[in-house]
Amino acid sequence: SKNNKLCLCNTLQSPVFTKQPGSIVFPVDSMEKNREVVFSCEAQGDPPPFYRWKLNGSLLNSKPGSHHSLSGGNLRINHLNKEDAGTYQCLASNSFGTIVSREASLTFAYLENFRSHKRSSVSVREGQGVVLLCGPPPHSGALTFSWIFNEYPSFVKQDSRRFVSQETGNLYIAKVEPSDVGNYTCVVTNTVTKTRVQGPPTPLILRNDGVMGEYEPKIEVQFPEIVQVAKGSTVRLECFALGNPVPSISWHRVDGVPFARKVDVRKTSGVMEIPYFQQEDAGTYECVAENSKGRNSVQGKLSFFASPQLIEKPQDVQKAIDDSLVWECKATGKPKPSYRWMKNGENLEPTERVQVINGALSITRLGLSDIGMYQCVAGNKYGEVYSNAELRVIAVAPDFFQNHLKSHTLVKEGGDVLIECKPKMSPRGTISWRKGNDALRESSRIVILESGSLRISNTTKADAGTYTCAAHNQFGEASSSGNLIVKEPTIITTAPNTLDVTVGESIILPCQVSYDPSLELKFTWFFNEQLIHFGSHGGYFEKVGGQHSAGDMMIRNIQLRHAGKYTCAVQTKVDSSSIATDLIVRGPPGPPTSIHVEEITDTTATLSWRPGPDNHSPITAYTIQARTPFSLGWQAVSTVPKVVGGSHLTATVIELNPWVEYEFRVLASNAVGTGEPSKPSKKARTKETVPKVTPANVSGGGGSRSELVITWEPVPEELQNAAGFGYVVAFRPFGATGWMQAAVPSPEASKYVFKNETILPFSPFQVKVGVYNNKGEGPFGPVVTIYSAEEEPGRAPSRLRAKSLSAFDVEVYWKALPWSTSKKRVLGYELRYWEKNEKEDKASLLRTVGNRTMAIIQGLKGCTTYYITVRAYNTAGTGPPSPAVNVTTKKPPPSQPPSKVMWNTSNSKIILNWEQVKPLENESEVMGYKVSHIFFRPSIMETNTTSVELSLPTDEEYIIQIRPFGEGGEGSSSRQITIPKISVFSVTLSFRNHSNMLI
C-alpha cells in the first residue's frame, strides 16, 4: 500500500511517441553510391524507453554484426538489398508497457531498359487515326512519358490531334496528315530515380491506296468505370478519340451539377483534373467526343474515399482493483473503419473479461495483470491510425492523507449540512461514523449516503460536536475527524416593498438584518439580477449603511433607466438571504411613435400618432414641431385644436406655406416634464396655390443710355407656392395712364432692363412688380418711382494741377463741374495716371466721391515722371478727360539706416548719438531724423541733428527706433533699441550696421 502510494505521486511517465517513421522509396540506381537508409523513431517516457523494430510483423535482429542497427530509436539499414523491402514498425517500451508506431514501408524504385531494339513500321492512310504503343520496360515507381519525332530534341507537341497518355505511354494521332510521316520514339522517365530510357523507334508511313474518308469519333483513351479517389488528392482523367474530322472533347457530370471553379478541363489535350478532391466531387463523369460525322461518349464514376481519422481517443486512466473499464475509440473514414486493440505491442484477443464492440474496449474485474499500454488501431484499406492510453490498476488501504474531514464545518440552526468523507482506498471498502465516542445512529434527519458522506437535515444545537469517519478494506483501515458548529441563522428584517419616485430625486433602499455576531456579514446588491459595482454606473449608486447590521443603498439623481428590481443579498460563511424591492420611476413621457401625415392641403396638414410610454405619469399635452429645407432646425407650429391634450392622438397643423416639403415630429408632456421628440414623419409637400408674396425692395436706375433698369429682391423659394414661378414687371412714364408689362420667368431673377430709344435720360417712371406661378397670377407690389439711365457728364474738369509730396505721393487739384440734379449729374471724379514710358491704356485709376476737388495718389515710384488726367462720372459712365499734366516724384529717401547708435546716461537724462546718414546719388538729401520711442505710450520727436536727450526711465524701459527723412519721405529705420530701467549706474551701448549691442 505504501509503495503504491509513492508510485502514484512521482513523475514517472509511460512512453509517448514524439517522432514516428515515414515510408521510404529508395532509387535502385543509388545503391552503388549509398546503400543506407534510416527510419526515424523517438518517444518520451520515464524511465526512458528502449526500442525494437518489426519487419513484416517479425522482430528484427539488431545485434552487432547485423546490417540493421539502432541509433537511439532510429533504425539504420546498411548494405541495402531488395530483401529489405517491406513494412516496418517501431516499438517503444519502458516499465509501464509497450507502444507500436504506425506502419512505414521501404520500396525500391527502378527503371530497366527496353529489351527490343527494333519495331515494325506502322502503315496508315491519310486521314486515318493511329495508336503507337510505348510498352514501357519493367519498373517500380511513377513514370512520365513523352515522344521524340525523328530525332532529339524534337518532341511531339500535344494538341487536339495528338495525345500522349500518361497512363499507358501510348501516342494517339486522331487524324494522320502527311507531315506526321517519320520515326517515333517513346521516352520513359522514372519520377523517383530520375532515370530516362528510350525505346526503339517506330516508323510511321503513309499507304498509297488513297485518303481515308470521314468517320465518327472512336474513343481510344478512356478512364475506368470506377475510380477510387482519396480525400484531398488530385484526380486526373484522360479521354481521347480518333476520328475524321478531328473530334472535339468535352466533359460534364451526368447529374448536371456544374463544375466547381477548381476543376481544370483541357479540351485540347483531353485531360480533366480535380484538385483537393472532396465528398461533393464524387459522382459519374462523362467524356464526349464529337465531330461532324457523329458523337461518342464514355462514363466513369469517381468514388470518394478517406483514410481513418480519430475523433474520440482513449485517455490514460487509473482504476481500482476489481473495478471495470470502458475505453471509447471512434474514427471517421470511407469505407467505415474497423477496430482492433493492442496491449504492449501485441494484438489483444477477446476473452470473457475483455470485449471489443464497435471500437469500444471493455474489461471487467480489473487485476494487476491488466496494467500496461493499450493502443486502439482504426483502419480501412487506405490506412491505419493509432491512439495510445495507459491503464494503471491500484490496490491500497484506506488513506485520508489528501482528503481529511474539515476540521470545522459551520451550519445554521434549522439548516442542512453535508460532511464529506472521501478516503483513498482500492478496492472500495466499508465506511462508518461516530459522534464523540459513540457510533452514530441513522434517522430521518441523519443519513449516511452511499458515497460515505454524512447528511444532517434541520440541524439543531444538539447536533454540534465531533464527528469521525472510519474506512476499512482488506488492506487496512483509517479514520478522520472534524467538528460541527451550529450558528444562529441570518434573517433580513426589512420587508419587501415597492417604491415610487420621480426622475431627479434620490432615495435610500433599506436592507436591515439580524445574524450571529460571531460571523462576518457581506452585503451585495443586484439590479435586475446584474451585480452592482459601486463606484461605477456613473456614480448613481452608493452604499450608506453605517451599522454592521445595515447594508442600505442610496440611488442619487434617479433616471428612468433605474426603474426595476433591486435585490439585497446578505451572506455569511454559514448561510445567505436576500430581499427584493421594486422601484417605479416616474418621468417625462417617452417619444410618440408612428407619426403619419393623414391629409395635407396648401396650408394645413392633419397628423396622427401613437403615444409612447407615459413613464408612470399620465400624458397631459402634445406639442407638434415642423422642419423644412428652409428653416433653422425644428420650429413649433400652430395647430387645431390650439392646445393638443393628452387624450388626443390627432391634430391639424395650420399656417403652413404652400408647395413646401415638411417633416413633422411630436413631443409629449406630463406632470414631470416634456419628453424626447418622436422620430420625424415621412416628408410631405403641401399643395400648390397662386403666389401671395411680392418682391421686396423694388428699385433701380442707372444703366446705359435709353435704358430703364428695375431691380428687386427675389421671392424666397418657400414663398413661391408652386412650380413655374416668375415675375411680372409693369411700368409707365410718370403721369401716363396705361401700363407696359414684361414677364420674367426665372424665380432667381432680380433685375429687368427695358431699352427704348425714345426714353429720355433720367426720366421718372412708375414701376410695380407682381408674381405668378403654374397656378395663376398673384398680386402686384406697391408702385415706386424709378429714373431711367442718365447721360455721362458732357464736360471735362479744368485747371488740373499736380504737386509731388514725396518719392511716393502726389497731390492733385482741379476745378469742379457745376453740381446739379440734371440729366448729366456728377457723382464724383476719376483720376487716371501712368508712367511716362507707358501707354495710357495701362493707367491706374483712383475715384473720389462727391464734389471733392483734391486727391492724393499714393504708392508711386520715386524720381519718376507720371501723366495724370481727370474726368467726371455718374451712373451712365465717365465724361471726357481733362488735358493731361505731368509731375515728377521726388528722389527716394535714404535707404541706409542710422548706424553707430550710442547712448549713455547723465543725471536724469539719456543722451542718444548716431552717425550722419549719407544718401546715395539717386536718393534725396537728409533733412532730419525722427526718433520714435515707447515709454508708457508711443511718441515721435524730430531733430535736424544727430543726437537727442530723453528722460531717464525709472519705472519702464525705453523702446527706441531712429529713421532719417527728407523731401522724398522717411528712410530706413535703425534696429529696435531697448533701454532698461537704470538707477545707480550708467552704461554705454553701441549699435553698428544693424548689429546687436556692443559694450
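Every chain's residues receive numbers from 1 upward, in the order its sequence appears when written. Restriction of local features to residues with pLDDT of at least 70 applies here, the model being predicted, together with a cutoff of 80 or more for giving and counting side-chain atom pairs; totals for whole chains, interfaces and linings are based on all residues. Hydrogens are left out, water is left out, and the side-chain values use all remaining heavy atoms of the structure.

### Notes on the overall build of the chain
Then, in step 1: Starting at the N terminus, helices and strands are each numbered in turn, a helix being any DSSP run of H or I of at least four residues and a strand any DSSP run of E of at least two. Counting its regular elements, the chain contains one helix and 92 strands.
Then, in step 2: Working definition: with a 1.4 Å probe on protein chains only, accessible area under 20% of the residue-type maximum means buried, over 50% means exposed, and in between means partly exposed. Across the 999 residues that make up the chain, the buried fraction comes to 42%.
Then, in step 3: Accessible area for the chain stands at about 52500 Å²; split by element, carbon and sulfur atoms hold 49% of it.
Then, in step 4: This count recognises Lys and Arg as positive and Asp and Glu as negative, with His and chain-terminal groups excluded. All charge positions are set by atom: Lys at NZ, Arg at CZ, Asp at CG, Glu at CD. For the chain, the separation between the mean place of its 106 positive charges and that of its 95 negative charges on side chains is 4 Å. Throughout, the Shrake-Rupley method with a 1.4 Å probe supplies accessible areas, and for residues the shown protein chains are the sole cover considered.

### Regarding the sheet that holds strand E53 (residues 522-527)
Then, in step 1: We call two strands paired when DSSP finds no fewer than two bridges between them. Read across the sheet, five strands follow the order E50-E58-E57-E53-E54 without closing on themselves; strand pairing throughout is mixed. Lying at the two open borders of the sheet, with one neighbouring strand each, are strand E50 (497-502) and strand E54 (530-531).
Then, in step 2: The sheet contact formed by strand E57 (residues 564-571) and strand E58 (residues 576-586) spans eight bridges and is antiparallel. Among the inter-strand pairings, Tyr566 is bridged to a residue of E58, identified as Thr581.

### Observations concerning the pattern of salt bridges
Then, in step 1: What makes a salt bridge here is a side-chain nitrogen of Lys or Arg within 4 Å of a carboxyl oxygen of Asp or Glu, nothing more. What the rule picks out here adds up to 31 salt bridges.
Then, in step 2: In this structure, the salt-bridge partner of Lys262 is Asp281, at a minimum N-O distance of 2.7 Å. Of the two residues, Lys262 sits in the loop between strand E25 (248-253) and strand E26 (264-266) while Asp281 sits in the loop between strand E27 (271-274) and strand E28 (283-291), which places them 19 residues apart along the sequence.
Then, in step 3: Given the relative accessible area of 7%, Asp281 is considered buried.
Then, in step 4: Across the salt bridge formed by Arg627 and Glu663, the nearest N and O atoms sit 3.0 Å from each other. Here Glu663 lies in strand E66 (residues 661-670) and Arg627 lies in strand E61 (residues 619-627), a separation of 36 residues in the sequence.
Then, in step 5: Ionic contacts of the salt-bridge type, sharing partners, join the residues Arg125, Arg207 and Asp209 into one network.

### Remarks on the UniProt feature "domain: Fibronectin type-III" (unreviewed entry) in the chain
Then, in step 1: UniProt positions are given in the numbering used here, feature names are shortened, and annotations may be inferred rather than shown by experiment. Summarizing the sequence annotation, UniProt attributes the feature "domain: Fibronectin type-III" (unreviewed entry) to residues 591-689, 694-791, 796-892 and 894-985 in the numbering used throughout.
Then, in step 2: Structurally, residues 591-689 is divided into 0% helix and 45% strand, and its ends, taken at the C-alpha atoms, are 34 Å apart.
Then, in step 3: Span residues 694-791 is 0% helix and 50% strand, its end C-alpha atoms 32 Å apart.

### Digging into unusual backbone geometry
Then, in step 1: Between Tyr152 and the following residue, Pro153, the backbone shows a cis peptide bond with an omega angle of 5°.
Then, in step 2: Secondary-structure assignment places Pro153 in the loop between strand E15 (143-149) and strand E16 (162-164).
Then, in step 3: With an omega dihedral of 5°, the bond running from Val640 to Pro641 counts as a cis peptide bond.
Then, in step 4: Assignment of secondary structure puts Pro641 in the loop between strand E63 (639-640) and strand E64 (644-645).
Then, in step 5: Although it is not a glycine, Arg365 sits at a positive phi angle of roughly 45°.

### A short note on the side chain of Thr193
Then, in step 1: For Thr193, the location among the structural elements is in the loop between strand E18 (182-190) and strand E19 (196-198).
Then, in step 2: At 2.8 Å, the side chain of Thr193 and the side chain of Thr195 are in polar contact.
Then, in step 3: Not counting the four nearest positions on each side in its chain, Thr193 is found in contact with Pro27, Val28, Asp29, Ala109 and Tyr110. In the analysis that follows, any N or O atom pair within 3.5 Å is treated as a polar contact, provided that within protein one partner can donate a hydrogen and the other can accept it, and provided that, for residues neighboring in sequence, both atoms belong to side chains. Contacts: residue pairs with any heavy atoms within 4.5 Å of one another.

### Focus on the environment of Lys319
Then, in step 1: In this fold, Lys319 is placed in strand E30 (residues 317-320).
Then, in step 2: Sequence spacing of Lys319 and Gly367 is 48 residues, and the spatial spacing of their C-alpha atoms is 9.6 Å.

### Here's the deal with the UniProt feature "domain: Ig-like" (unreviewed entry) in the chain
Then, in step 1: Mapped onto this numbering, the UniProt entry annotates "domain: Ig-like" (unreviewed entry) at residues 15-107, 112-198, 217-303, 308-392, 398-485 and 489-580.
Then, in step 2: End-to-end, the C-alpha atoms of residues 112-198 are 10 Å apart, and along that stretch the chain is 0% helix and 38% strand.
Then, in step 3: Across residues 308-392 one finds 0% helix and 61% strand; the C-alpha atoms that close the span lie 28 Å apart.

### Things to note about the pairing of strand E47 (residues 465-473)
Then, in step 1: Across six bridges, the pairing between strand E43 (residues 430-435) and E47 is antiparallel. Bridge pairing in E47 places Ile431 opposite Ala471.
Then, in step 2: In the sheet, E47 pairs with strand E48 (residues 476-487) via nine bridges, with the strands oriented antiparallel. Paired with Tyr467 across the two strands is Gly482, which belongs to E48.
Then, in step 3: Remark: two residues form the turn of the hairpin made by E47 and E48, two consecutive strands paired antiparallel.

### Notes on the packing of aromatic side chains
One pair of aromatic rings is described through two measures. These are the centre distance and the angle between the planes.
Then, in step 1: Here a Phe, Tyr or Trp ring, Trp counted by its six-membered ring, pairs with any other such ring whose centre lies within 6.5 Å, and the pair is stacked when the planes are under 30 degrees apart, edge-to-face when over 60, and tilted otherwise. If you walk through the whole model with that rule in mind, you get 26 aromatic pairs.
Then, in step 2: Geometrically, the ring pair formed by Phe277 and Phe304 is stacked, given 6.3 Å between the ring centres and 20° between the ring planes. Taken as a pair, Phe277 in the loop between E27 and E28 and Phe304 in strand E29 (residues 294-312) lie far apart in primary sequence, 27 residues in all. A single burial state applies to Phe277 and to Phe304, both of which are buried.
Then, in step 3: Note on Phe731 and Tyr752: the rings are 6.2 Å apart at their centroids and 35° apart in plane angle, and the pair reads as tilted. Of this pair, Phe731 sits in strand E70 (residues 726-733) while Tyr752 sits in strand E72 (residues 751-755), and the two are 21 residues apart along the sequence.

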